[in-house]
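Geometric and topological summary
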Amino acid sequence: MLLRLGGWSLLESAQTFLGGYGVAAALDRGFLAGQPVVGLGWLAVAAAAVVAGGAATHRVFHRLADLVEPLRDGLVRRVVGSALSSAVAGRGGRTGHAALSRLTHQTEAARDGFAGLVMVTRSFVFTTAGVVVGLATLAPALLLVVLPPLAAGLVLFIAALRPMAARQQDFLRTDEELAARIGSDVAGLRDIVACGAEARAADAAGELIDAQTRAARALARWAAVRTLALGLAGQAPVVLLLAAAPWLQARGVTAGELLGALTYLTQALLPALNTLMTGLGTAGTRLLVILDRLTGPDEPPAPGSSTAPAVRAVEQDAAAGAVEPDAAAPAPAPDSGPRSRGAVTAPAGARPRTPGPRQPAPQQGTPAEPDAAAPSLELRSLSFSYGPGATPVIDCLDLLVEPGEHLAVVGPSGIGKSTLFGLVAGLLEPDRGTLLIGGAPVHRPDRDPSAARRALIPQEAYVFGGSLRDNLLYLCPGGVPTPDVEAAVRAVGLDGVVRGLGGLDARIDPAALSQGERQLVALARAYVAPARLVLLDEATCHLDPAAEARAERAFADRPGTLLVIAHRLSSARRADRVLVLDGVSATAGRHEELLERSPTYRDLVGQWHPQAG
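Residues numbered from 1 in each chain as written. Predicted model: local features only at pLDDT ≥ 70, side-chain atom pairs only at ≥ 80, totals over all residues. Heavy atoms only, no water.

**With respect to the overall build of the protein chain**
- Of regular secondary structure, the protein chain possesses 18 helices and 13 strands.
- Counting only residues that meet the buried cut, the protein chain has 49% of its 613 residues in that class.
- At a minimum sequence separation of 6, the contacts of the protein chain that also span at least 24 residues come to 79%.
- Within the structure as shown, the protein chain displays about 27400 Å² of accessible surface, and the carbon and sulfur contribution to it stands at 60%. (Helix = DSSP H or I, 4+ residues; strand = E, 2+ residues; numbered from the N terminus. Buried < 20%, exposed > 50% of the residue type's maximum accessible area, 1.4 Å probe, protein only. Contact = heavy atoms within 4.5 Å. Areas by Shrake-Rupley, 256 points an atom, 1.4 Å probe, with all protein chains shown as cover.)

**Comments concerning helix α14 (residues 515-528)**
- Spanning 14 residues, α14 covers 20 Å between terminal C-alpha atoms, matching the ideal 20 Å at 1.5 Å per step.
- Within the sequence span of α14, burial applies to Gly516, Arg518, Gln519, Leu520, Val521, Ala522, Leu523, Ala524, Arg525, Ala526, Tyr527 and Val528. (Expected span 1.5 Å × (residues − 1).)

**Some remarks on the side chain of threonine 540**
- With respect to the helices and strands, the residue threonine 540 is situated in the loop between β10 (533-537) and α15 (545-557).
- The class for threonine 540 is buried, based on a relative accessible area of 3%.
- Side-chain polar atoms of threonine 540 contact the side chain of glutamate 548, separated by 2.9 Å.
- Ignoring anything within four residues of it in the chain, the contact list for threonine 540 reads Gln519, Leu523, Glu548, Ala551, Glu552, His567 and Arg568. (Polar contact = N/O pair within 3.5 Å; in protein donor to acceptor, adjacent residues only side chain to side chain.)

**Topic: helix α10 (residues 417-424)**
- Across the eight residues that make up α10, a large majority, seven, are buried.
- Regarding α10, the residues found buried are Lys417, Thr419, Leu420, Phe421, Gly422, Leu423 and Val424.
- At the C-terminal side of α10, glycine 426 shows a positive phi close to 85°.

**Digging into the nonpolar core**
- Ranked by internal contacts, the top residues of the largest apolar core, which has 44 residues, are Ile457, Leu472, Leu494, Leu523, Leu536 and Phe555.
- The element best represented in this core is α14, accounting for eight residues.
- Membership of the second largest hydrophobic core comes to 37 residues, among which are Ala24, Leu150, Ala261 and Ala272. (Core = buried A, V, L, I, M, F, W, Y, C linked by side-chain atoms within 4.5 Å.)

**Comments concerning empty space enclosed by the protein**
- This structure, assessed with the given rule, holds two cavities of 30 Å³ or more.
- There is about 40 Å³ of room inside the largest cavity.
- Considering the residues around the largest cavity, the lining is formed by Ile437, Ala440, Pro441, Val442, Asp448, Ser450, Arg453 and Arg454.
- Taken together, the residues that form the lining of the largest cavity break down as four nonpolar, one polar and three charged.
- For the second largest cavity, the calculated volume is near 30 Å³.
- Residue lining of the second largest cavity: Arg532, Val534, Phe555, Arg558, Pro559, Gly560, Thr561 and Leu562, and that is the complete set.
- Among the residues making up the lining of the second largest cavity, the classes are represented as four nonpolar, two polar and two charged. (1 Å grid on protein atoms, 1.4 Å probe; cavity = no way out; pocket = protein on both sides within 12 Å on 5 of 7 lines; lining within 4 Å. Points joined across faces, edges and corners; volume = space filled by probe spheres on them. Nonpolar A, V, L, I, M, F, W, Y, C, P; charged D, E, K, R; others polar.)

**Considering the sheet that holds strand β7 (residues 454-457)**
- Here we have six strands laid out as an open sheet, ordered β7-β10-β11-β4-β12-β13, and mixed in their pairing. Unpaired on one side and paired on the other, β7 and β13 (586-589) mark the two borders of the sheet. Adjacent strand axes in the sheet meet at a mean angle of 15°, parallel and antiparallel pairs treated alike.
- By the bridge criterion, four bridges tie strand β4 (residues 406-410) to strand β12 (residues 577-581) in an arrangement that is parallel. Within β12, the residue paired with alanine 408 across the bridge is valine 578.
- On the sheet, α10 packs against β4, β7, β10, β11 (561-565) and β12 and is oriented at approximately 155° with respect to β10. (Pairing = 2+ DSSP bridges. Axes fitted to C-alpha atoms, helices over the stretch in contact; angles between N-to-C directions.)

**Comments concerning the packing of aromatic side chains**
- Under the defined criterion, the tally for this structure stands at seven aromatic pairs.
- An angle of 85° between the planes, with centres 4.8 Å apart, marks the rings of phenylalanine 384 and tyrosine 386 as edge-to-face.
- We classify tyrosine 386 as partly exposed; its relative accessible area is 23%.
- When the ring of tyrosine 462 is compared with that of phenylalanine 464, the centres are 6.1 Å apart and the planes differ by 40°; the resulting orientation is tilted.
- Among the residues examined, tyrosine 462 registers a relative accessible area of 10% and is labelled buried.
- Through pairs of rings, three or more aromatic residues link up here, namely Phe17, Tyr21 and Trp42.
- Here arginine 558 stacks its cationic end above the ring of tyrosine 527, 5.6 Å away from the centre of that ring. (Phe/Tyr/Trp six-rings, centres within 6.5 Å; stacked < 30°, edge-to-face > 60°. Lys NZ or Arg CZ within 6 Å of the ring centre and 35° of its normal.)

**Regarding the pairing of β7**
- Residues Arg454 and Leu456 of β7 are buried on one face, and the alternating residues Ala455 and Ile457, pointing to the opposite face, are buried as well.
- The pairing of β7 with β10 spans four bridges and is parallel. Residue pairing in the sheet places arginine 454 in a bridge with leucine 533 of β10.

**Examining the pairing of strand β5 (residues 432-437)**
- Summarising the sheet, strand β2 (residues 377-384) and β5 pair through five bridges and their orientation is antiparallel. When the sheet's bridge partners are listed, serine 383 is paired in β5 with arginine 432.
- Of the strand pairs in this sheet, β5 and strand β6 (residues 440-441) are connected by two bridges, and their pairing is antiparallel. For isoleucine 437, the partnering residue across the bridge sits in β6 and is alanine 440.
- The turn joining β5 and β6, which pair antiparallel and follow one another in sequence, is formed by two residues; a positive phi near 60° is taken by glycine 438.

**Focus: the pattern of salt bridges**
- Under the definition given, this model contains eight salt bridges.
- One salt bridge in this structure joins glutamate 548 and arginine 574, with 3.6 Å as the shortest N-O distance. Highlighted residues: glutamate 548 in helix α15 and arginine 574 in helix α16 (residues 569-574), separated in sequence by 26 residues.
- The exposure class of glutamate 548 is buried, given its relative accessible area of 0%.
- On the basis of relative accessible area, arginine 574 is assigned to the buried category, the value being 15%.
- Connected via shared salt-bridge partners are Glu548, Glu552 and Arg574. (Salt bridge = Lys/Arg side-chain N within 4 Å of Asp/Glu carboxyl O.)

**Brief notes about the confidence of the model for the protein chain**
- The share of residues in the protein chain with pLDDT of 70 or more is 70%, and the mean pLDDT across the chain is 76.
- Across the protein chain, the element-wise mean pLDDT spans from 36 in helix α9 (residues 309-320) up to 93 in helix α7 (residues 245-250).
- Throughout residues 90-97 the model reports pLDDT below 50, and contacts reaching past four residues in sequence, or to other chains, amount to 10 contacts.
- For the stretch residues 297-323, pLDDT sits under 50, and the model shows 78 contacts to residues farther than four places along the chain or on other chains. (pLDDT = per-residue confidence, 0-100.)

**Some thoughts on a nonpolar patch on the surface**
- Together, Phe31, Leu40 and Leu43 make up an exposed nonpolar region whose accessible area comes to about 280 Å².
- Position of phenylalanine 31 among the secondary structure elements: in helix α1 (residues 2-31).
- Judged by relative accessible area, phenylalanine 31 falls into the partly exposed class, the value being 40%. (Patch = residues over 30% accessible without salt bridge, like charges linked within 9 Å, V, L, I, M, F, W, Y side chains within 5 Å.)

**Things to note about unusual backbone geometry**
- One non-glycine residue with positive phi stands out, namely cysteine 396, at about 50°.
- Inspection of the secondary structure puts cysteine 396 in strand β3 (residues 394-401).
- Backbone geometry at glutamate 538 places phi at a positive 55°, although glycine is not the residue there.
- Position of glutamate 538 relative to the elements: it lies in the loop between β10 and α15.

What follows is the structure, given as structure tokens:
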């Protein structure tokens, strides 16, 4: 196959040879000798050589298919085999889309790139051979002028090829990393806001943009070297040939031979050089990158590393502050909000807690527990609105929650319950007023050294690909003993799910879990975390009433304070107190008291389905 390809390429080199030689003979033996018919005959020979070269090129493409198609078939077999292995290993959900891209776009790009490189390299080799033979046939002295700059330019290009390829790979890598970062940041925007990681995400994207800029500048510098090599190898011989014309004529070189040499250089060698340097400098490097991906090992991601870059950054931020990542996008502003305001104090004493499962020791770096005499949560004239001039969602709210208290928050949809939890978690900044936890002001999680004392779990629980243990220890950067993890699993009712998955170290596919199972994972994650203020923002809405009761009782018995946005009557009745937001005032009290004092609460109780209680 290669011999056939080389044979047809020799016919193309004959076209190059006859192109320059025919022009020289037409001038010397025809037109300058007073025989125009002879001159036209030699030009006809050159034209016939072009036609014959076209036919040879046609045959070259047939032979090229015999060389390229086996490569494509081998790549397809490799991709299909890799995808099947991933599916058997249980990684099909993560690799299916990548396998489809490799099977279609990337294999076709590899085939086209390989074919282009073969054609470019073949064309340059045989064109250069035809030029050198032609120059030697016309006048050996021409080689003394043409070969030195040609060789110097080729040496410079070959020397620059390796670093140029490395810079091209750097540029492609940074471009893809930036695209992946932006894509994952957009997809995980809610998670990023949840953990207060906006500045971190912006810094990470900025670093990639700077890296891409540096790679682009380095690539441009080496592209300039390639241009210099092209000028030295292809254009300098033309200039030297013209400058050395008197010296060559003194050694017997004719005008026709000079014109034939110029024809070789401008019509054959220079275009071949330009195509070669462009093809090897860009398409060749891209081909290497694609082949590396298609033929490289398809290793499964390491535990905990299957998340996107933005989510991995969020995980690190979440480890510094115990905030459930999927919870923290600010709740949408109500269409037209009545204001929730009022002064609410705590009861004389909170209900004593029964001993629960042993809690993990404080993580290394976790701030010491606040003064026991300080209130767990205190709001003083707290106000918040979504934008200047907007109606406040929370307006002059005063609230006192004692350590160990279980408070349920209820109210009509859009009244500001999730907004209140976002303020307490530090995800939103109040417009006015004071918010204290354990006597200390609340700040954004990424700026608050006490952020690990609180955990917000949203309605849509966040579970990432990796082991179940990795998910449960999401908010415990220092690790937790296995008995404590197992105690948390039993406490919230996740033990059945753990058994079904195959244990704590089983790898999980988030898409394969139901919404209720994901909520149980998030609840167990918060239970085992060092947080002592837990905010459940309808975090049990996908559980049945019995499972919800078990989870809420587990957190109520757990040392610390519990705030719950209740969506069932039973959830409100289990609380020590209920906070009612009705858009005009905020009222707190026990269930029986509120039935007498709050028309809004009576309406809500009447709307709850009896089975939900």
